[in-house]
Amino acid sequence: MAKLVTIFGGSGFVGRYIARRMAKDGWRVRVAVRRPNEALFVKPYGVVGQVEPILANIRDEASVRAAIRGADAVVNCVGTFDVGGKNNFQAVQNEGAALVSRVAAEEGATSLVHISAIGADAEGESLYAQSKGEGEAAVLEAFPSAMILRPSVIFGPEDAFFNRFAAMSRNTPVLPIAGADTRFQPVYVDDVAQAAVLGAKGEATGTFELGGPETATFRELIEKMLDVVRRRRLIVNIPFFVAGIMGAVFDFGSKMTGGLFRNSILTRDQVRSLQTDSVVADDAQTLADLDIHATSMDVVLEEYLWPYRPSGQFSDIKDSAKNLRET
């Protein structure tokens, strides 16, 4: 019988790429999510019955154990940017990660992959970094042979980074950002998935920091995006002390409305995170150590950002027409 992998968050941005690759390699795939009815799109990744969404919540041990039981490999892709609420940093990225790794060990899984983030540090400046660091420690305590993956900002067709700012560029002449000089090393989502598959199959272990071939500031990344969508916009850097005030106001609004207003604009913790570069450390194990050639942004961005161009799919035709001379 084919081996079985359970992927927590397997219908998410990164998880779906891992699920697709595991299915292609012949594995049976359990996609463990809170809303399986919204994850039915993963079923065609394999033959009938090969890829199945199931109900699981990493805050609930019974559902986690049921999802892992019988699995040869476990991958945890679940993360959050929510400071408060039930699915906050500590509940998901520390306690949830600890639960998944402990149950994986108890149920006899042979491999475990945990998706973390560059900058994960229990003593970090932001609550996000602290929860990621504490989660890593909990994973390795319960499952010492686990593979830890620490990506920089991840890009790809479903990303919440380039897509977000490209969408903003359609409606405003100004793009305000905090941390314009903060450096990132964007990594392609399928490169992250390829690394995770190696860990799930037991072909690699250890901690790896994942970044692409280009390192750029926040401002430079937005400029690259604007070039791809063929729009000219003014990029305005918001000083950190101003951004902190803005984040505090948005956080307060979310708290006072009991979560009816969800602060997806800018939080105080995001401002803290933006004060630290997200680049691969000089002494870290990387994609190269896994024999994975990092994909350049230039190869991929054109493929999914074209809908944000003024003429959408007809932009190339219109640009070509400009070069024609009337005869």
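Heads up: these notes are all about the structure in this document. (Residues numbered from 1 in each chain as written. Predicted model: local features only at pLDDT ≥ 70, side-chain atom pairs only at ≥ 80, totals over all residues. Heavy atoms only, no water.)

1. Side note on the overall build of the protein chain
1) Next: Check the secondary structure of the protein chain and you find eleven helices and 13 strands.
2) Next: Against the 2.2 N^0.38 benchmark of 20 Å for 327 residues, the protein chain shows a C-alpha radius of gyration of 21 Å, consistent with a compact globule.
3) Next: With respect to the three principal axes, the spread of C-alpha positions in the protein chain is 70 × 50 × 40 Å.
4) Next: Within the span of the protein chain, comprising 327 residues, buried residues form 51% of the whole.
5) Next: Carbon and sulfur atoms form 52% of the exposed surface of the protein chain, whose accessible area is close to 16,000 Å².
6) Next: Computing the positive centroid from 35 side-chain charges and the negative centroid from 40, the protein chain places the two 8 Å apart. (Helix = DSSP H or I, 4+ residues; strand = E, 2+ residues; numbered from the N terminus. Rg over C-alpha atoms; globule rule 2.2 N^0.38 Å. Buried < 20%, exposed > 50% of the residue type's maximum accessible area, 1.4 Å probe, protein only. Areas by Shrake-Rupley, 256 points an atom, 1.4 Å probe, with all protein chains shown as cover. Lys, Arg positive; Asp, Glu negative; His and termini not counted. Charge placed at Lys NZ, Arg CZ, Asp CG, Glu CD.)

2. Some remarks on unusual backbone geometry
What is expected of a backbone is that most residues other than glycine have negative phi and most peptide bonds are trans.
1) Next: With phi around 60°, R230 is a residue other than glycine that occupies positive phi space.
2) Next: Tracing the backbone shows R230 in the loop between α7 (218-229) and β13 (234-238).
3) Next: For D291, which is not glycine, the phi torsion reads 60° and is therefore positive.
4) Next: Inspection of the secondary structure puts D291 in the loop between α9 (268-273) and α10 (297-305).
5) Next: You can call D291 exposed: its relative accessible area is 73%.

3. Things to note about the side chain of T267
1) Next: In this structure, T267 sits in the loop between α8 (240-256) and α9.
2) Next: Discounting residues that sit within four places of it in the chain, T267 has contacts with G247 and D251. (Contact = heavy atoms within 4.5 Å.)

4. What to know about the sheet that holds strand β1 (residues 4-8)
1) Next: The strand order across the open sheet formed by seven strands is β3-β2-β1-β4-β5-β6-β11, and the pairing between neighbours is parallel. Strands with a single pairing partner mark the edges of an open sheet, and in this sheet they are β3 (51-55) and β11 (206-210). Between one strand axis and the next, the sheet turns through 20° on average, direction left out of account.
2) Next: Across five bridges, strand β2 (residues 28-33) lies against β3 in parallel orientation. (Pairing = 2+ DSSP bridges. Axes fitted to C-alpha atoms, helices over the stretch in contact; angles between N-to-C directions.)

5. A few points about the pattern of salt bridges
1) Next: In the structure shown here, the tally under the stated rule is 18 salt bridges.
2) Next: One salt bridge in this structure joins E107 and R69, with 3.9 Å as the shortest N-O distance. Placement of the pair is E107 in the loop between α3 (89-106) and β5 (111-115) and R69 in the loop between α2 (61-68) and β4 (73-76), with a sequence separation of 38 residues.
3) Next: Among the residues examined, R69 registers a relative accessible area of 44% and is labelled partly exposed.
4) Next: In this structure, D298 and K224 form a salt bridge, with 2.8 Å as the shortest nitrogen-oxygen distance. One end of the pair, D298, is in helix α10; the other, K224, is in helix α7, with 74 residues separating them in the sequence.
5) Next: With relative accessibility at 25%, the residue K224 sits in the partly exposed group.
6) Next: A network of salt bridges, in which partner residues are shared, links E61, R65, R69, R102, E106 and E107. (Salt bridge = Lys/Arg side-chain N within 4 Å of Asp/Glu carboxyl O.)

6. Observations concerning the nonpolar core
1) Next: I18, V29, L149, F162, I222, M225 and L305 are the most contacted members of the largest nonpolar core, which totals 72 residues.
2) Next: The greatest single-element share of this core, amounting to eight residues, is contributed by helix α6 (residues 189-200).
3) Next: Setting aside anything within four residues of it in sequence, one finds M225 in contact with F162, F165, A166, L175 and L305.
4) Next: Counting residues in each nonpolar core, the second largest holds 20 residues, with V92, L99, V100 and F143 among its members. (Core = buried A, V, L, I, M, F, W, Y, C linked by side-chain atoms within 4.5 Å.)

7. Examining the packing of aromatic side chains
1) Next: Applying the stated criterion across every chain yields a total of eleven aromatic pairs.
2) Next: Between F161 and F162, the ring centres sit 4.9 Å apart and the planes meet at 80°, which makes this aromatic pair edge-to-face. Just as F161 is buried, F162 falls in that class too.
3) Next: Taken together, the aromatic side chains of F155, F161, F162, F165, F184, Y188 and F218 make up a single cluster linked through ring pairs.
4) Next: Cation over ring: R20 sits above Y45, and NZ or CZ is 4.5 Å from the ring centre. (Phe/Tyr/Trp six-rings, centres within 6.5 Å; stacked < 30°, edge-to-face > 60°. Lys NZ or Arg CZ within 6 Å of the ring centre and 35° of its normal.)

8. Quick look at the packing of α7 against α10
1) Next: Packing of α7 against α10 leaves a shortest axis separation of 10 Å and a crossing angle of 50°. Classified by the angle between their axes, α7 and α10 sit oblique to one another. Like other packed secondary-structure pairs, α7 and α10 cross with a definite hand, here right-handed. Contacts between α7 and α10 involve L221, K224, M225, V228 and V229 on the former and, on the latter, M297, D298, L301, E302 and L305. (Parallel < 35°, antiparallel > 145°, perpendicular 65-115°, else oblique. Left-handed = near helix turned anticlockwise from the far one by under 90°.)

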